[in-house]
Amino acid sequence: MAKQIVMLGPPGAGKGTQAKMLSEKLSVPHVSSGYIFRENLREQTELGKHADVYINRGELVPDDVTIAMIRERISRPDCDEGVLLDGFPRTAPQAEALDEMLSDLNKGQVDAVPCITVPDEVLIERLTGRRTCRAQGHVFHIAFNPPKEAGKCDYDGSELYQREDDTVETVTNRIRVYLKQTQPLIDYYQQRGVLLEVAGDQSIDAVFDEIMSALSGV
Ligand code: AP5
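Remember, predicted model here, so these are calculated numbers, not experimental data. (Residues numbered from 1 in each chain as written. Predicted model: local features only at pLDDT ≥ 70, side-chain atom pairs only at ≥ 80, totals over all residues. Heavy atoms only, no water.)

### Quick word on the environment of Thr172
Turning to its location among the elements, Thr172 is positioned in helix 7 (residues 168-182). Taking the C-alpha atoms as reference, Thr172 lies 7.5 Å from Ile124; in sequence the two are 48 residues apart. (Helix = DSSP H or I, 4+ residues; strand = E, 2+ residues; numbered from the N terminus.)

### As for the site of the ligand
Within the structure, the ligand sits among 36 residues, and Thr17, Glu59, Arg90, Arg130 and Arg174 are positioned closest to it. Side-chain polar atom of Ser33 to a nitrogen atom of the ligand: 2.7 Å apart, as the coordinates give it. In isolation the ligand has 1,000 Å² of accessible area, and contact with the protein removes 96% of it. Residue assignment for the shell around the ligand shows that the elements contributing at least two residues are helix 1 (15-26), helix 2 (33-42), helix 6 (120-128) and strand 6 (139-141). Top element by residues in the shell around the ligand is helix 2. It accounts for four residues. (Near = heavy atom within 4 Å. Polar contact = N/O pair within 3.5 Å; in protein donor to acceptor, adjacent residues only side chain to side chain. Areas by Shrake-Rupley, 256 points an atom, 1.4 Å probe, with all protein chains shown as cover.)

### Considerations on the sheet that holds strand 1 (residues 4-7)
Taken in spatial order, the three strands make up an open sheet running 1-3-2, and their pairing is parallel. Because the sheet does not close on itself, it has two edges, and the strands there are strand 1 and strand 2 (30-32). Across the sheet, the mean angle from the axis of one strand to that of its neighbour is 20 degrees, orientation sign disregarded. The sheet contact formed by strand 1 and strand 3 (residues 83-86) spans four bridges and is parallel. Residue Gln4 lies in a different strand from strand 3, and its bridge partner there is Val83. (Pairing = 2+ DSSP bridges. Axes fitted to C-alpha atoms, helices over the stretch in contact; angles between N-to-C directions.)

### Description of the layout of surface pockets
Approximately 360 Å³ is the volume found for the second largest pocket. Taken together, 17 residues form the lining of the second largest pocket, with Arg38, Leu41, Arg134, Tyr161 and Arg163 sitting closest to its centre. Among the secondary structure elements, those contributing two or more residues to the lining of the second largest pocket are helix 2, helix 3 (46-57) and strand 5 (130-133). Of the residues contributing to the lining of the second largest pocket, the split by class is five nonpolar, four polar and eight charged. (1 Å grid on protein atoms, 1.4 Å probe; cavity = no way out; pocket = protein on both sides within 12 Å on 5 of 7 lines; lining within 4 Å. Points joined across faces, edges and corners; volume = space filled by probe spheres on them. Nonpolar A, V, L, I, M, F, W, Y, C, P; charged D, E, K, R; others polar.)

### Notes on unusual backbone geometry
Backbone torsion omega between Phe88 and Pro89 reads 0 degrees, so that peptide bond is classified as cis. Here Pro89 lies in the loop between strand 3 and helix 5 (92-104). Here the phi dihedral of Asn106 falls at roughly 55 degrees; this positive angle occurs in a residue that is not glycine. As for its position among the elements, Asn106 is in the loop between helix 5 and strand 4 (113-117).

### Here's the deal with a negative patch on the surface
Judged by side-chain charge, Asp120, Glu121, Glu125 and Asp201 come together as a negatively charged surface patch. You can see Asp201 is positioned in the loop between strand 8 (195-199) and helix 9 (204-216). (Patch = residues over 30% accessible without salt bridge, like charges linked within 9 Å, V, L, I, M, F, W, Y side chains within 5 Å. Salt bridge = Lys/Arg side-chain N within 4 Å of Asp/Glu carboxyl O. Lys, Arg positive; Asp, Glu negative; His and termini not counted. Charge placed at Lys NZ, Arg CZ, Asp CG, Glu CD.)

### Description of the nonpolar core
Ranked by size, the top nonpolar core spans 30 residues in total, and within it Ile70, Ile74, Leu85, Leu98 and Tyr189 carry the most contacts. For this core, the secondary-structure elements that each account for two or more residues are helix 2, helix 3, helix 4 (63-74), strand 3, helix 5, strand 4 and helix 8 (184-191). In terms of residue count, the dominant contributor to this core is helix 5 (five residues). If near-sequence neighbours (up to four positions away) are discounted, Leu98 is found in contact with Val6, Ile74, Leu85, Phe88, Pro89, Val110 and Tyr189. Ile175, Val198, Met212 and Leu215 belong to the second-largest nonpolar core, a separate cluster that totals 23 residues. (Core = buried A, V, L, I, M, F, W, Y, C linked by side-chain atoms within 4.5 Å. Buried < 20%, exposed > 50% of the residue type's maximum accessible area, 1.4 Å probe, protein only. Contact = heavy atoms within 4.5 Å.)

What follows is the structure, given as structure tokens:
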């Protein structure tokens, strides 16, 4: 089974939802760049304050900052046996930097890239209805994946909130940024023979089954 996994797909495709499930199933840490930025913002670190400006505009945080943050995270011992990256890489320089980091750390190379595709109109509906858990970033949807009790996380009981970048305007820009800066990575990983195409416009469990079956062939 693959060890160094990169989740690819547009904002709202379900990367985070699937990554949490896969991380448990495969016993590899789920490393989400967006979550690390939001945690830093919550703690009001310099990194968080710097990233906030870009996140709220739906733009990407500069590569040098993001690459340094991920390098530090995947250097930790919990990533020794593999990692499930969600939201990184997002640009060609980030993908090249990831290859270098994995090689420097003797962790091999990216060996599977599930790429979840979903039509744009579905993405907007998913993101504007998303509710996220304050404590650990668990993700729900008011219609498609509602919590048992409104406004409360099923897993840790913390408050559910709407991300500031989940407005229609910012989501539209995030999708535009994805098409321009991140979609080219599909070719990058396809040429290396590690891309696994996954249809995201089906139930959460069906998407999970499709990813698991694709990974079992790697
Ligand atoms: P980030 O947090 O990574 O956001 P994103 O990529 O835009 O992805 P999302 O978290 O919005 O969506 P997702 O695909 O994880 O979907 P989810 O599972 O939540 O990044 C935020 C910002 O941080 C960026 O805009 C940028 O500014 C910055 N950033 C982060 N990484 C960076 C990087 N590498 N470089 C530079 N800047 C970076 O699902 C969405 C909703 O749909 C949920 O409500 C869920 O319940 C529901 N849902 C999921 N699956 C299904 C399904 N199958 N059917 C129905 N509903 C579903």
